[in-house]
Amino acid sequence: MKDRKLRVMVAKPGLDGHDRGARVIARAFRDAGFEVVYTGLHQTPEEIVQAAIQEDVDMIGLSSLAGAHIYLFRRVVELLREKGIDDIVVCGGGIIPEEDIPKLKKIGIREIFTPGTKLEDIVQWVKENVKPRIEGVKCKVK
Amino acid sequence: MQSEVKKVLSGDVRTVARLIRDIDDKVPEVREVLKALYPYTGKAYVIGVTGAPGVGKSTLVDQMVAHLRKEGKTVGVLAVDPTSPFSGGAILGDRIRMQRHSLDDGVFIRSLATRGHFGGLTQSTRSAIDVLDAMGKDYIIVETVGVGQDEVDVVRSAQTTIILVIPGMGDDIQAIKAGILEVGDIFVVNKADREGSDKTVHELKLMLDMSQEKYEEGRWKPPVLKMEAVFDRGVKELLEEIEKHRMYLAEKSGGTSFRKTRERIREELSEMVKNRTIEEVFEKLIQSGEFEKAVNSIRAGETDPYTACEDLVIPKLNLAEEHGRKR
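For the structure given in this document, a descriptive report is provided here. (Residues numbered from 1 in each chain as written. Chains lettered and ligands numbered in written order. Predicted model: local features only at pLDDT ≥ 70, side-chain atom pairs only at ≥ 80, totals over all residues.)

### Regarding the overall build of chain A
Our working rule: Secondary structure elements follow DSSP: runs of H or I of four or more residues count as helices, runs of E of two or more count as strands, with numbering from the N terminus. Radius of gyration here is computed from C-alpha atoms only, and the compact-globule reference equals 2.2 Å multiplied by the residue count raised to the power 0.38. Buried residues are those with 20 or more other C-beta atoms within 10 Å of their own C-beta, exposed residues have 12 or fewer, and partly exposed residues lie in between; C-beta atoms are placed from the backbone. What counts as a contact is two residues whose backbone-derived C-beta atoms lie within 7 Å of each other.
Within chain A, the regular secondary structure consists of five helices and five strands. Put simply, chain A runs from its N terminus to its C terminus through helices and strands in the order β-α-β-α-β-α-β-α-β-α. In terms of overall size, chain A behaves like a compact globule, its C-alpha atoms giving a radius of gyration of 14 Å where 142 residues would be expected to give roughly 14 Å. Once the C-alpha set of chain A is aligned to its principal axes, its extents read approximately 45 × 35 × 25 Å. Burial status across chain A gives 45% buried among its 142 residues. Taking the contacts inside chain A whose residues are at least 6 apart along the sequence as the reference set, 74% of them involve residues at least 24 apart.

### Considerations on the overall build of chain B
Helix and strand counts for chain B stand at twelve helices and eight strands. For chain B, the residues scored as buried account for 38% of the 327 residues in total. Contacts in chain B between residues at least 24 apart in sequence constitute 72% of all its contacts with a sequence separation of at least 6.

### Let's talk about the interface of chain A and chain B
Counted only if it meets this: Whether two strands pair comes down to DSSP finding at least two bridges between them.
Taken together, the 27 residues of chain A in the interface contact 28 residues of chain B. The set of elements that each furnish at least two residues to the side of chain A that touches chain B consists of α1 (20-31), β2 (35-38) and α2 (45-55) of chain A. If one sorts the elements of the side of chain A that touches chain B by residue count, α2(A) sits on top with seven residues. Bridge analysis of β2(A) against strand β3 (residues 90-92) of chain B gives three bridges, and the strand direction is parallel. Within β3(B), the residue paired with A:Val37 across the bridge is B:Leu92.

### Considering the nonpolar core
As a reminder of what qualifies: Take the buried Ala, Val, Leu, Ile, Met, Phe, Trp, Tyr and Cys residues, join any whose C-beta atoms are within 7 Å, and the set you get is a nonpolar core.
Within the largest apolar cluster, 104 residues are counted, with the highest numbers of intra-cluster contacts made by A:Val8, A:Val36, A:Ile60, A:Val76, B:Val131 and B:Ile141. In this view, B:Val131 contacts B:Val8, B:Val16, B:Leu19, B:Ile20 and B:Leu37; residues no more than four positions away in its chain are not counted.

### Regarding the pairing of β2(A)
To be explicit about the condition: Every crossover in which the path from the first strand over the helix to the second runs clockwise, viewed with the strands pointing away from the viewer, is termed right-handed.
Taking every second residue as pointing to the same face, both faces of β2(A) are buried, with A:Glu35 and A:Val37 on one and A:Val36 and A:Tyr38 on the other. A crossover connection joins strand β1 (residues 7-11) of chain A to the parallel β2(A) through α1(A); in handedness this β-α-β unit is right-handed.

### A short note on the sheet that holds strand β7 (residues 186-189) of chain B
Residue and element names in this part refer to chain B. The condition that has to hold: Every axis corresponds to a line fitted to the C-alpha atoms, with the helix fit spanning only the stretch in contact, and the corresponding angles, defined between N-to-C directions, vary from 0 to 180 degrees.
Spatially, β4-β2-β5-β1-β6-β7-β8 is the arrangement adopted by the seven strands of the open sheet, whose pairing is parallel. In this open sheet, the two edge strands, each paired with only one partner strand, are β4 (107-113) and β8 (224-226). Recorded for the sheet is a direction-independent mean angle of 20 degrees between the axes of neighbouring strands. Note that strand β1 (residues 45-51) and strand β5 (residues 139-145) share seven bridges and pair parallel. Within the sheet, the bridge partner assigned to Val 49 lies in β5 and is Glu 143.

### Observations concerning the pairing of strand β6 (residues 160-165) of chain B
Residues and elements named next belong to chain B. The buried fraction of β6 is high, at six of six residues. Of the two faces of β6, the one lined by Thr 160, Ile 162 and Leu 164 and the one lined by Thr 161, Ile 163 and Val 165 are each fully buried. For β1 and β6, the ladder comprises five bridges, and the chain directions are parallel. Paired with Thr 50 across the bridge in β6 is Ile 163.

### With respect to the environment of B:Arg100
Secondary-structure assignment places B:Arg100 in the loop between β3 and β4. Sequence spacing of B:Arg100 and B:Asp62 is 38 residues, and the spatial spacing of their C-alpha atoms is 8.4 Å.

### With respect to helix α4 (residues 57-70) of chain B
For an α-helix the count is 3.6 residues per turn, leaving residues at separations of three or four pointing the same way. Residues and elements named next belong to chain B. Basically, it comes down to this: One less than the residue count of a helix, multiplied by 1.5 Å, gives the span that helix is expected to have.
Between its terminal C-alpha atoms α4 stretches 20 Å, which fits the 20 Å expected from 14 residues at 1.5 Å a residue. Of all the 14 residues making up α4, ten are buried; the element is thus mostly covered by neighbouring parts of the structure. Among the residues making up α4, those that are buried are Lys 57, Ser 58, Thr 59, Leu 60, Val 61, Asp 62, Gln 63, Met 64, Val 65 and Leu 68. For α4, the secondary structure elements touched by its buried residues are β1, β2 (75-81), β4, β5, β6 and α9 (235-253). Immediately beyond the C-terminal end of α4, within one or two residues, lies Gly 72, with a positive phi of roughly 85 degrees.

### Quick look at the sheet that holds strand β3 (residues 59-64) of chain A
Ordered in space as β5(A)-β4(A)-β3(A)-β1(A)-β2(A)-β3(B), the six strands form an open sheet in which the pairing is parallel. Taken across any chain shown, the strands that pair with only one partner, and hence form the sheet edges, are β5 (112-113) of chain A together with β3 of chain B. Sheet topology places strand β4 (residues 89-94) of chain A next to β5(A); two bridges connect them, and they run parallel. When the bridges of β5(A) are listed, A:Gly93 appears paired with A:Phe113.

### Details of unusual backbone geometry
One non-glycine residue with positive phi stands out, namely A:His42, at about 60 degrees. Its location among the elements puts A:His42 in the loop between β2 and α2. Phi is positive for B:Lys26, close to 55 degrees, though the residue is something other than glycine. Position of B:Lys26 among the secondary structure elements: in the loop between α2 (13-24) and α3 (30-37).

Here it is, written out as structure tokens:
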């Protein structure tokens, strides 16, 4: 069997209409050899989670530039838990105040990338922290 | 495995999603599941949608899903996007236009990447169709960019193939003529509010008339429709034509499900044999390094490609034969 390909989702929850950053990230992921599902603007956490299940992604990357990150990111993690999904890594990025980062990590967001983070650093983090699902060897959300 | 089969049959979304991933990643165990699912396939109606990038395929699929859902039909969507030949990655963006259906239990949408290697796309898409079929979806819509033989083959596995064009694509219609004019059952000129849509319709009809000899008495003659998919204009008419085509096929096959017609089985099996051969022979030669070694010896002038090919392939085939006898 060949190596499994990493499948990730880039998603924009909420009413924030700026997706330039998300698109740049999606492209960087593609160039790193990942399959990237992009779902477009104005998604509800419910829509994001349902799409992530249908697409069988290993990671959801949430982007938020409009201030509602705590509520929206938490809701995504909650929905995953409600559905008994413990093998999809959730991370986030965007305009997120320094003091919110510990709160988000406590909620279950694995990592937060703020403006100025180098693309290659993000890609490297994903490669190290997200593994394609292998039957029986699940990568759990810490 | 038994439980996986049961879960697919009961429509479990997670199991189906993971199974399609396994198909894509060519996990060998998945074959056993597909074998067990085969008897439950052949019920869904498969529609292929193809056309150049930007003509509105995803938008049309989104509208078709909305219409079918209103009629109470369940729908599976497989949206194929190209893999970058440089990085092996892909951006799968067809979902953007369809996300309004993501919370609808009657709809399952899955993005697939072409993955580029060895033409396995047709095979894996067909297997994915089988899974959605066994899952109980009434309609399965396969959307793909109509470039390259692989993509054309994918839509050929559909009962009804829709080819989408937009006005002002004169030369592109020429390109279509060479490749996929023959596989289109229904032609749609989308973005019909744009200048030149009547001309495009006319050109298409002309081209179809020129291949008239193929459309002798009683054979399906592909209609050419105008549409503005984004405003939902012309979508209903398209679905009516699909229904007509469906009736036509039913009559032609005399009640045999399309999936089980001789033609289709032949095509499906030949695809499978080809793919399996590539997997068992070619991919193994690559992995073992024998292939690269042969490239080097040709380069060094020690042998020629014809001899090298024989040296590579013949022993593998003999081995396979002996292996078969032992079993």
